Amino acid sequence: THTIHTAIYPHQGNWRAAGVIGEARGYGAPPVAYITERHPGWLPARMNVLRLQNQDIVATCDQAIQVLIAEQKAAPRTSTTASLLCAYGKKAAALGVLGDGNGELALLKKAVETAQSVNSVDDNPELLELLGTAGANLGSLYGQRGQFAEAVTSYRVAIKAFDNAVETHDRNDLGASRALAKG
């Protein structure tokens, strides 16, 4: 199977002047992370790329999370769990931008625990991909804090989830191909 990723890059002027080729190359080349020991450098120990001026986004995420938790308790469904994981991820990202690393860490741990608690997680590629993303983000956060054992454990959860997602996609594709061949 092939996965094609596309993006829309609005720009003024012609494509050359706007640097569309460079943007496309940047889009197709995700950032690479390297684990290393702590060492002195020219960057500050912590820095924000952007800052939220209004903390209402965190409150909005809290409301969505409470609704989804209530829905999940009333009638557990995979779609509700997926929505809950997305809400946890969005709130964790908002807390990270606001500089609340402890809140971000706690929510990412909660997202991983929630995904792992679902009985059908291994049969659902969407949940596996969300679990993988949460695990990778958690590993990155642990790594930034110098908690390397926890980072490795989180990255292992992510790798296993992504591997299982690929296997599930392959199994589903094979089953669909066989059904079409018989049909």
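Because the structure is predicted, anything quoted here is derived from the model rather than measured.

Participant: Kindly report on the nonpolar core, identifying the contributing residues and their values.
Facilitator: Residues Leu85, Tyr88 and Leu138 are the most contacted members of the largest nonpolar core, which totals 26 residues. Sorting the residues of this core by element identifies helix H2 (56-74), helix H3 (78-97), helix H4 (101-117), helix H5 (125-144) and helix H6 (148-182) as the ones contributing at least two each. If we ignore the near neighbours within four places in the chain, the residues touching Leu85 are Ala111, Thr114, Ala115, Leu127 and Leu130.

Participant: Requested: an account of the confidence of the model for the chain, with residues and values cited.
Facilitator: With 75% of its residues at a pLDDT of 70 or more, the chain has an overall mean of 76. Confidence, read as mean pLDDT per element, is least for H2 in the chain (69) and greatest for H5 (83).

Participant: Go over the side chain of Glu104 with me, naming the residues and quoting the values.
Facilitator: Structurally, the position occupied by Glu104 is in helix H4. If sequence neighbours within four positions are ignored, Glu104 has contacts with Ala92, Leu95, Gly96 and Leu141.

Participant: Account for the packing of H4 against H5, with residues named and values stated.
Facilitator: Taken N-terminus to C-terminus, the directions of H4 and H5 make an angle of 145°; their axes are 9 Å apart at the nearest point. At the point where H4 passes H5, the crossing takes the left-handed sense. Residues Gly101, Glu104, Leu105, Leu108, Lys109, Ala111, Val112, Ala115 and Gln116 of H4 lie in contact with H5, whose contacting residues are Leu131, Ala134, Gly135, Asn137, Leu138, Leu141 and Tyr142. For the contact of H4 with H5, the class distribution of residues is ten nonpolar, four polar and two charged.

Conventions and cut-offs
Residues numbered from 1 in each chain as written. Predicted model: local features only at pLDDT ≥ 70, side-chain atom pairs only at ≥ 80, totals over all residues. Heavy atoms only, no water. Core = buried A, V, L, I, M, F, W, Y, C linked by side-chain atoms within 4.5 Å. Buried < 20%, exposed > 50% of the residue type's maximum accessible area, 1.4 Å probe, protein only. Helix = DSSP H or I, 4+ residues; strand = E, 2+ residues; numbered from the N terminus. Contact = heavy atoms within 4.5 Å. pLDDT = per-residue confidence, 0-100. Axes fitted to C-alpha atoms, helices over the stretch in contact; angles between N-to-C directions. Left-handed = near helix turned anticlockwise from the far one by under 90°. Nonpolar A, V, L, I, M, F, W, Y, C, P; charged D, E, K, R; others polar.

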